[in-house]
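Listed below are the residues making up each chain.
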Amino acid sequence: MESNGHEHVIEVTDLRRVYGGGFEAVSGISFSVRRGEIFALLGTNGAGKTSTVELLEGLAAPAGGRVRVLGHDPYSERAAVRPRTGVMLQEGGFPSELTVAETARMWAGCVSGARPAAEVLALVGLESKAGIRVKQLSGGQRRRLDLALALLGDPEVLFLDEPSTGLDAEGRRDTWELVSALRDGGTTVLLTTHYLEEAEHLADRLAIMHEGRIAVTGTPAEVTATQPSRISFELPEGYFVGDLPPLGELGVTGHETDGRTVRLRTRELQRSATGLLTWAERAGVELRGLDVRSASLEEAFLGIARTVSAEQAGGMTTKEYAA
């Protein structure tokens, strides 16, 4: 089925990948990626991210389940899929003695309808390095070259495996701007990353994998909302936690103290903060060190990983949440 006019350009259903010896790296996951969307796969080392992406790229056949990219099976119908996709692997493995320009021209010879090498090198900021041998590039510059070659075919779908590994802060931001611009131009992007800030900045939607399964999926805001927000402050002199309004009435789900500092957890941040500040105003006291914040993606990531690990240790299966 062709994907023209089709909302989802990547569709994964009950996907499984098993390696020699019976190790199941991907355990029946399902998700979809819409046209013109950036979708991030997150997870700890060994979670199954790269194993999943390799199946989407058609590098191996799944042990079970179904995957479609642009309406085709990327493994059995590789000829229909490969010319329309770009792939940035974790390591390119280019000939070290070739120059950057020679490498790009060599790669262009393997790509249908390749863009000019100089054009893609300029896109990733390597135009000044065109005459430099690959072995003389820094790690970050090699990652830029990896990205340039993935863009040679002007792909409809772009797979990025850890795209900003090895980049400095400026290079990472430049890469983010480029990926966002590609999305805005209609390219569908699926990326894996260890940088949670990267996923929070780029992804329209994301999935967190843990031990071969998807623990949660949704927009970054939806995923962070699975974890409680936090309010911290110093108790006014002469006051104790018991002097505060009943925490349950404020929507507080838990708290801890550290000396005079109180930390509250809540899933109703506005209600809790409003109630606390109203009490402080009526009592005529100042809440020093007041810090009110929603959960970060990092906190959600770590909280989900701990929860899933605890469930599995107790003999329960990983829960899957629908976005």
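Quick look at the structure, then.

1. What about the overall build of the protein?
Right, on to step 1. When helices and strands are tallied, the protein shows 10 helices and 13 strands.
Right, on to step 2. Oriented by its inertia axes, the alpha-carbon framework of the protein measures out at about 75 × 45 × 40 Å.
Right, on to step 3. Within the span of the protein, comprising 323 residues, buried residues form 46% of the whole.
Right, on to step 4. In the protein, the proportion of contacts linking residues at least 24 apart, taken out of those at least 6 apart, comes to 68%.
Right, on to step 5. On the protein, roughly 15500 Å² of surface is accessible, and the fraction owed to carbon and sulfur atoms is 49%.
Right, on to step 6. If the 34 positive side-chain charges of the protein are averaged to one point and the 45 negative ones to another, these points end up 2 Å apart.

2. Examining the layout of surface pockets
Right, on to step 1. Taken as a whole, the largest pocket spans an internal volume of roughly 440 Å³.
Right, on to step 2. In this structure, the largest pocket is lined by 22 residues; those nearest its centre are R82, G86, V87, W107 and L149.
Right, on to step 3. Of all the elements in the fold, those that place two or more residues in the lining of the largest pocket are β5 (85-88) and α5 (139-150).
Right, on to step 4. At 4 residues, the largest contribution of residues to the lining of the largest pocket is made by β5.

3. Some points on the nonpolar core
One recurring pattern in soluble globular proteins is that nonpolar side chains are buried together.
Right, on to step 1. In terms of nonpolar packing, the biggest core is built from 43 residues, with L42, L145, L160, L206, I208 and V223 touching the most fellow members.
Right, on to step 2. No other element matches the 5 residues that α5 contributes to this core.
Right, on to step 3. L160 has contacts with M88, L147, V179, V189, L190, L191 and T192, leaving out every residue within four places of it along the chain.

4. Overview of the pairing of strand β6 (residues 157-161)
Walk down a regular strand and you will see the side chains alternate between the two sheet faces.
Right, on to step 1. For β6, the tally of buried residues reaches 5 of 5 residues, placing the bulk of the element in the interior.
Right, on to step 2. Going residue by residue along β6, you find V157, F159 and D161 tucked away on one face and L158 and L160 tucked away on the opposite face as well.
Right, on to step 3. Alignment of β5 against β6, held across 4 bridges, turns out to be parallel. Residue pairing for β6: T85 is matched across the bridge by V157.
Right, on to step 4. Of the strand pairs in this sheet, β6 and strand β7 (residues 188-192) are connected by 5 bridges, and their pairing is parallel. The partner of F159 across the bridge, within β7, is L190.
Right, on to step 5. Considered for its hand, the β-α-β crossover made up of β6, helix α6 (residues 169-184) and β7 is right-handed.

5. A few points about α6
Right, on to step 1. Its 16 residues place the ends of α6 23 Å apart at the C-alpha level, agreeing with the 22 Å of an ideal helix rising 1.5 Å per residue.
Right, on to step 2. Listed as buried for α6 are G171, R172, T175, W176, L178, V179, S180, L182 and R183.
Right, on to step 3. Where α6 terminates, the next one or two residues include G186, which has phi positive at roughly 105°.

6. A word on the environment of R265
Right, on to step 1. Looking at the secondary structure, you find R265 in strand β12 (residues 261-266).
Right, on to step 2. In this structure, the C-alpha to C-alpha distance between R265 and G251, residues 14 residues apart in sequence, is 8.8 Å.
Right, on to step 3. Dropping the residues within four chain positions of it, R265 is found in contact with P228, S229, V252, T253, G254, H255 and E256.

7. Regarding the pattern of salt bridges
Where side chains of opposite charge bring their charged atoms close, a pairing between them can arise.
Right, on to step 1. Summed over all chains, the structure comprises 20 salt bridges.
Right, on to step 2. Here E24 ties to R16 by a salt bridge, and the two come within 2.6 Å at their closest N and O atoms.
Right, on to step 3. Look at R16 and you get partly exposed, because its relative accessible area is 30%.
Right, on to step 4. E299 is paired through a salt bridge with R230; the nearest N and O atoms lie 2.8 Å apart. One end of the pair, E299, is in helix α10 (residues 297-313); the other, R230, is in strand β10 (residues 229-234), and 69 residues separate them in sequence.
Right, on to step 5. For R230, a relative accessible area of 32% gives the class partly exposed.

Basis of the calculations
Residues numbered from 1 in each chain as written. Predicted model: local features only at pLDDT ≥ 70, side-chain atom pairs only at ≥ 80, totals over all residues. Heavy atoms only, no water. Helix = DSSP H or I, 4+ residues; strand = E, 2+ residues; numbered from the N terminus. Buried < 20%, exposed > 50% of the residue type's maximum accessible area, 1.4 Å probe, protein only. Contact = heavy atoms within 4.5 Å. Areas by Shrake-Rupley, 256 points an atom, 1.4 Å probe, with all protein chains shown as cover. Lys, Arg positive; Asp, Glu negative; His and termini not counted. Charge placed at Lys NZ, Arg CZ, Asp CG, Glu CD. 1 Å grid on protein atoms, 1.4 Å probe; cavity = no way out; pocket = protein on both sides within 12 Å on 5 of 7 lines; lining within 4 Å. Points joined across faces, edges and corners; volume = space filled by probe spheres on them. Core = buried A, V, L, I, M, F, W, Y, C linked by side-chain atoms within 4.5 Å. Pairing = 2+ DSSP bridges. Right-handed = clockwise from strand over helix to strand, strands pointing away. Expected span 1.5 Å × (residues − 1). Salt bridge = Lys/Arg side-chain N within 4 Å of Asp/Glu carboxyl O.

Without other data, these values stay purely geometric and don't point to any function.
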